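Here is what each chain is made of, one letter per residue.
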Amino acid sequence: MGIRQGRDNYELLVEYHDRTKHLPQRYAASPGYLDWATQPVPFRFYTGSRQLKLPLIQNQPGRPYSALYVCDQEQQPLDIASIAAVLELSLGLSAWKQYQGSRWSLRMNPSSGNLHPTECYLLLPPLEQVGPSIAHYNPLHHCLEVRAGLQQDVVSGLSMPKGFGLILSSIYWREAWKYGERAIRYVNHDIGHAMAAIRYAANLYGFKVVLQPQVDRETLNSLLGFAQFDVPDEEREDADCLLWISSRDDDPRQVMEWIKAIQEPEYPDPPNRLSDSHRAWPMIQELADLTRSPGFDPDAVSECPTYPLGKSVFQAEEIIRKRRSAQGYDSDRSNISLEAFKQIMWAALPSDHSPFDVLGLEVNVDLFLFVHQVEELEPGLYCLLRDPSHLDSLQSRLKPEFYWHQPVVGLPLYHLQSGDFRSIAEMISCQQAIAGDSAFSLAMLARFEPLLKEMPWRYPSLYWETGLIGQVLYLEAEANGLQGTGIGCFFDDLMHELLGIDDHSWQDLYHFTIGSALVDDRIQTLPPYHHLEAERSGSR
């Protein structure tokens, strides 16, 4: 059954959101088992298209940790080599894992269940190896599949905005195969993670990355020609957003005019089929249509406070490449220093630099932490207030007995309640031990009704913001010798009940946990592009 008709868009959105909540007595609708016969292919291919092999990074420049956030290095020229490096460090493979007869790839950008619904398309200017064109990035072969050239009357426009476009899209079926109706939540988490991964990588090469929300999703779908091919409804692909990557601050109006001038090309090469058969989840498609952005000009964002920049013994590229999702934690080794905790919290706050400057939207997400093992910090429940204007709203809706005491000078961290919350954290995160065995875990709550009642199409962007925060937490964990894990399975309303929330003013959208990871030595790790080494022996 899909979403009921005859109701306004916000009511329909709330119906979807509530229906896909996990409850202790009832999980959101899903297959209930893994049908390996219909597992989707994790990579998109456009067989028949011209393949442009991209160079792999051979010698890492050795940029410091600070380069993730502050762009003080010399800007690289905009060419295939620099574009390839940004793609490799953001959406490329990070390793292969092998155990007995099974082998699977990992990527720089994380994904729920390692299912990777996110695809990437480039709007390229004239470059030495390829003319102005629309291309798909294939991370398996680290190549561009050139799908179509751009018509001559808009090519001149590429000399005005000094950069290139990057469109992120999603294939819901890859997540729905395992997670059913809750999948669209995870798809949008992944977009946020990908945005941050791209922003981090681009910063290392002196490029800016800015979301262009004024470009509507229908325009992007048309530009990529998704309707030109007869694919199963369940394998529908939808454009999510356009990012503009350049060496300067291009005028969004100019970018918009250029995008609008591009006529939909005729694409000769169809996409590969992902599964032989499917289980339909019509609610996902209906919700995707309901939240399809019509394009909008974002309100001006106020300047963010400046917080201390952290440090790490690891270099920037090393941190990016070694990011992993921990599968379990050693609770005896998961205690961390207050300084490390403060560094992670400062990095998660909004800023005017990488990676949060990519979004360009108002702050809607605050963090509620279960502190288990942080030196000099009393175990208990805390709130990291990411926007001071949220304080009154939260204090008026949360339990009146909360302390709202700030224990750390210079950090907008509020101590709400003392106690051992390990079992509570585990219970709320679908009884997963990783939420209690860690140094701390957290829930990301978003300003829900105040934003979405007027603009329901902003629903995905709330998840994008949580994904951005999640990617920061992943890299900061690695920078501090720890590992993080995003948690998509949680009992939404149990978290609301714990805080005292009884309406839709704030909603729990994502969980995360950080600690000292347990390592399974039985699993072998292989280099990310070992399968290309022979043919890439001549790469730089």
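Everything below is about the structure printed above this text.
To keep things clear, this report deals only with the structure shown in the data block.

1. With respect to helix α14 (residues 459–479)
One turn of an α-helix holds 3.6 residues; hence residues three or four places apart share an orientation.
(1) Moving on: With 21 residues, α14 ought to run about 30 Å at 1.5 Å a step, and its terminal C-alpha atoms sit 31 Å apart, in line with that.
(2) Moving on: The buried fraction of α14 amounts to 21 of the 21 residues, a majority that puts the element mostly inside the structure.
(3) Moving on: One or two steps after α14, the chain reaches glycine 481, where phi turns positive at roughly 75°.

2. Section: the state of the cysteines
(1) Moving on: For the structure shown, the criterion picks out 1 disulfide.
(2) Moving on: Residue pairing for cysteine 430: its cysteine sulfur links by disulfide to cysteine 489, the two sulfurs lying 2.2 Å apart. Between cysteine 430 and cysteine 489, the disulfide has an S-S torsion of -90° and is therefore left-handed. Separated by 59 residues along the polypeptide, cysteine 430 in the loop between α12 (422–428) and β13 (440–447) and cysteine 489 in the loop between β14 (483–487) and α15 (492–499) bring together distant segments of the chain.
(3) Moving on: With no disulfide of its own, cysteine 71 lies closest to cysteine 304 among cysteine sulfurs, the gap being 18 Å.
(4) Moving on: Classification of cysteine 71 by relative accessible area gives partly exposed; the value is 40%.
(5) Moving on: Cysteine cysteine 383 shares no disulfide, and the gap to the nearest cysteine sulfur, in cysteine 304, comes to 17 Å.

3. So, the packing of aromatic side chains
(1) Moving on: Within the structure shown, the criterion is met by 15 aromatic pairs.
(2) Moving on: Each ring, one from phenylalanine 341 and one from phenylalanine 440, has its centre 5.3 Å from the other, and the planes form 90°; the classification is edge-to-face. With phenylalanine 341 in helix α10 (residues 338–348) and phenylalanine 440 in strand β13, this residue pair connects regions lying 99 residues apart in the sequence.
(3) Moving on: Given the relative accessible area of 0%, phenylalanine 341 is considered buried.
(4) Moving on: An aromatic cluster is present here, built from Tyr16, Phe448, Tyr459 and Tyr463 joined pairwise through their rings.
(5) Moving on: Stacked on the ring of tyrosine 474, the Lys or Arg arginine 323 has its end atom at 4.7 Å from the ring centre.

4. Comments concerning the pattern of salt bridges
(1) Moving on: Here the structure, examined in full by the defined rule, presents 25 salt bridges.
(2) Moving on: Aspartate 357 is paired through a salt bridge with arginine 199; the nearest N and O atoms lie 2.9 Å apart. Note that aspartate 357 is positioned in the loop between α10 and β10 (365–371) and arginine 199 in helix α5 (residues 183–203), a separation of 158 residues in sequence.
(3) Moving on: As a salt-bridge pair, glutamate 465 and arginine 386 come within 3.0 Å of each other at their nearest N and O atoms. Separated by 79 residues along the polypeptide, glutamate 465 in helix α14 and arginine 386 in the loop between β11 (380–384) and α11 (391–397) bring together distant segments of the chain.
(4) Moving on: Using a relative accessible area of 5% as the deciding quantity, one classes glutamate 465 as buried.

5. Regarding the sheet that holds strand β3 (residues 102–107)
Each strand in a sheet pairs with another by means of backbone hydrogen bonds, the pair being arranged parallel or else antiparallel.
(1) Moving on: In space, the 3 strands of this open sheet follow the order β3-β2-β16, with antiparallel pairing throughout. Two strands in the sheet have a free side with no partner beyond their single neighbour: β3 and β16 (524–526). Between one strand axis and the next, the sheet turns through 25° on average, direction left out of account.
(2) Moving on: Where strand β2 (residues 93–99) lies against β3, 6 bridges are found, and the strand directions are antiparallel.

6. Concerning unusual backbone geometry
(1) Moving on: Going from serine 354 to proline 355, the amide bond is cis rather than trans, its omega being 0°.
(2) Moving on: With respect to the helices and strands, the residue proline 355 is situated in the loop between α10 and β10.
(3) Moving on: Notably, histidine 116 is not glycine yet its phi reads approximately 50°, a positive angle.
(4) Moving on: Overall, the relative accessible area of 4% leaves histidine 116 in the buried class.
(5) Moving on: Positive phi outside glycine occurs at tryptophan 404, with the angle close to 55°.
(6) Moving on: If you trace the backbone, tryptophan 404 turns up in the loop between α11 and β12 (413–418).
(7) Moving on: For tryptophan 404, a relative accessible area of 14% puts it in the buried group.

7. Details of the sheet that holds strand β1 (residues 50–53)
(1) Moving on: Across the sheet, 7 strands lie side by side as β1-β6-β5-β4-β7-β9-β8; this open sheet has antiparallel pairing. Each end of this open sheet is capped by a strand with a single partner; those strands are β1 and β8 (208–211). Each strand axis lies, on average, 30° off the axis of its neighbour in the sheet, ignoring direction.
(2) Moving on: Of the pairings in the sheet, the one linking strand β5 (residues 133–138) to strand β6 (residues 143–149) comprises 6 bridges and is antiparallel in character. In the sheet register, histidine 136 faces β6, and the bridge partner there is glutamate 145.
(3) Moving on: The sheet contacts of α5 involve β4 (118–124), β7 (163–171), β8 and β9 (237–246), and relative to β7 the element is tilted by about 155°.

8. Quick look at the packing of helix α2 (residues 80–90) against α5
(1) Moving on: Viewed as axis vectors pointing N to C, α2 and α5 meet at an angle of 135°, and their least axial separation amounts to 8 Å. Taken together, the axis directions place α2 and α5 in an arrangement best described as oblique. The handedness of the crossing between α2 and α5 is right-handed. Between α2 and α5, the contacting residues are Val86, Leu89 and Ser90 on the first element and Ala197, Ile198, Ala201 and Ala202 on the second.
(2) Moving on: Grouping the constituent residues of the contact of α2 with α5 by class yields 6 nonpolar, 1 polar and no charged.

9. Some thoughts on the packing of helix α1 (residues 9–19) against helix α8 (residues 282–290)
(1) Moving on: Packing of α1 against α8 leaves a shortest axis separation of 11 Å and a crossing angle of 140°. Comparing their axes, α8 and α1 come out oblique. Relative to α8, α1 is oriented so that their crossing is left-handed. Where α1 approaches α8, its residues Asn9, Leu12, Leu13, Glu15, Tyr16 and Arg19 are matched on the opposing element by Met283, Leu287 and Leu290.
(2) Moving on: Looking at the contact of α1 with α8 residue by residue, the classes come out as 6 nonpolar, 1 polar and 2 charged.

Rules and cut-offs
- Residues numbered from 1 in each chain as written.
- Predicted model: local features only at pLDDT ≥ 70, side-chain atom pairs only at ≥ 80, totals over all residues.
- Heavy atoms only, no water.
- Helix = DSSP H or I, 4+ residues; strand = E, 2+ residues; numbered from the N terminus.
- Expected span 1.5 Å × (residues − 1).
- Buried < 20%, exposed > 50% of the residue type's maximum accessible area, 1.4 Å probe, protein only.
- Disulfide = S-S within 2.5 Å.
- Phe/Tyr/Trp six-rings, centres within 6.5 Å; stacked < 30°, edge-to-face > 60°.
- Lys NZ or Arg CZ within 6 Å of the ring centre and 35° of its normal.
- Salt bridge = Lys/Arg side-chain N within 4 Å of Asp/Glu carboxyl O.
- Pairing = 2+ DSSP bridges.
- Axes fitted to C-alpha atoms, helices over the stretch in contact; angles between N-to-C directions.
- Contact = heavy atoms within 4.5 Å.
- Parallel < 35°, antiparallel > 145°, perpendicular 65-115°, else oblique.
- Left-handed = near helix turned anticlockwise from the far one by under 90°.
- Nonpolar A, V, L, I, M, F, W, Y, C, P; charged D, E, K, R; others polar.

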